[in-house]
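Chain by chain, the residues:
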Amino acid sequence: MFEIDMIFAFALFSVGLYGISSNRDFLRIFFSLEMLMNAVILMLASSAHYLGLSQNISFAYMIMILATLEAAVGILIFAAAHKFTKVVIADDLGAQK
Amino acid sequence: MNIALLTIALVLAITSLSVKQSIASLISFALMMLVLGLYYIGLDEKLLGLFQIFIYTGGIAVLMLFGITLIGREFPKTTKSSWSAVVSFGVFVLMSALFLTNRSLLATNVPEIVEKKEMFATSFSDVVILFALIGVSLLYGTIKMINALKPKRSRDV
């Protein structure tokens, strides 16, 4: 059962990696980042449950708080960039200098 | 049951990245987080599951909704690089192979349970600090977002 959980976590990580590398708009990049972090949280939670490594849950909480901060600051940067440059695609932001 | 929940979460993750409509993408993203939270509750990590549901399905989904007000109903059309699917599949195969070949090391080196699962049972102040950090960061992002969305006042009044 632990192996299946880890395989699913790897699959979720790969989906997030695909989303980051293939998409160019800000919102989908945020979705993919959250997926990457959730894959790591899934790995930590399943290892804590099946292997008895209960300290991993503390790391999972820490990653969750970091993900919240990252989402709040990232959306703020996106809103500021959109306000001044009307850009919603990350690649176009460099051309607006 | 657990495999079904994880399969649903994976399908919802792929859906949220492949759908063109932004609202449908956000809904599938929030549902994926909800399913993962239910899975953690099923793993007997109830507080982690509740955190997952409150933070991701509640907080971050609303922040993303603010972002959708800027983008519109549909995501902008962009060119997708062809190598990204191959690379991400390769990473998946590599991680799975590394894990399955070294699985026996994990099974033999399992330490005894160091501490009991009473991390937040003794002092609720830890929970309060965690919730305060998360709430403050979400509130900060929301307020700044609202300020950024406000139209500029004309200065010649």
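Residues numbered from 1 in each chain as written. Chains lettered and ligands numbered in written order. Predicted model: local features only at pLDDT ≥ 70, side-chain atom pairs only at ≥ 80, totals over all residues. Heavy atoms only, no water.

A. Structural detail: the interface of chain A and chain B. In this assembly, 61 residues from chain A lie in contact with 71 residues from chain B. Taking both sides of the interface into account, the surface hidden between chain A and chain B amounts to around 6200 Å²; carbon and sulfur atoms contribute 77%. The largest per-residue losses of area from chain A upon contact with chain B belong to Arg28, Phe31 and Tyr61 of chain A, which jointly make up 11% of the total buried on that side. If you look at where chain A meets chain B, you find zero salt bridges. Counting every contact that joins chain A to chain B gives seven residue pairs in polar contact (both at pLDDT 80 or more). Only helix 1 (2-22), helix 2 (26-51) and helix 3 (56-85) of chain A provide two or more residues apiece to the side of chain A that touches chain B. In terms of residue class, the side of chain A that touches chain B is made up of 39 nonpolar, 15 polar and seven charged. (Contact = heavy atoms within 4.5 Å. Buried area = accessible area lost by both parts, 1.4 Å probe. Salt bridge = Lys/Arg side-chain N within 4 Å of Asp/Glu carboxyl O. Polar contact = N/O pair within 3.5 Å; in protein donor to acceptor, adjacent residues only side chain to side chain. Helix = DSSP H or I, 4+ residues; strand = E, 2+ residues; numbered from the N terminus. Nonpolar A, V, L, I, M, F, W, Y, C, P; charged D, E, K, R; others polar.)

B. Just unusual backbone geometry, in detail. You will see that Asp44 of chain B, though not glycine, has its phi angle at about 70°, which is positive. Within the element layout of this structure, Asp44 of chain B appears in the loop between helix 2 (22-42) and helix 3 (46-71).

C. Region of the structure containing a nonpolar patch on the surface. All names here are of chain B. Together, Ile23, Ile27, Leu31 and Leu65 make up an exposed nonpolar region whose accessible area comes to about 340 Å². Broken down by element, the residue count for the nonpolar patch peaks at three residues, all from helix 2. The class of Ile27 is partly exposed, set by a relative accessible area of 48%. (Patch = residues over 30% accessible without salt bridge, like charges linked within 9 Å, V, L, I, M, F, W, Y side chains within 5 Å. Areas by Shrake-Rupley, 256 points an atom, 1.4 Å probe, with all protein chains shown as cover. Buried < 20%, exposed > 50% of the residue type's maximum accessible area, 1.4 Å probe, protein only.)

D. The packing of helix 1 of chain A against helix 4 (residues 83-101) of chain B, seen in detail. With their axes 9 Å apart at the nearest point, helix 1 of chain A and helix 4 of chain B run at an angle of 155° to one another. With respect to their mutual orientation, helix 1 of chain A and helix 4 of chain B come out roughly antiparallel. For the element pair helix 1 of chain A and helix 4 of chain B, the recorded crossing hand is right-handed. Contacts between helix 1 of chain A and helix 4 of chain B involve Phe2, Glu3, Met6, Ile7, Phe10, Ala11, Phe13, Ser14, Leu17, Tyr18, Ser21 and Ser22 of chain A on the former and, on the latter, Trp83, Ser84, Ala85, Ser88, Val91, Phe92, Met95, Ser96, Phe99 and Leu100 of chain B. (Axes fitted to C-alpha atoms, helices over the stretch in contact; angles between N-to-C directions. Parallel < 35°, antiparallel > 145°, perpendicular 65-115°, else oblique. Left-handed = near helix turned anticlockwise from the far one by under 90°.)

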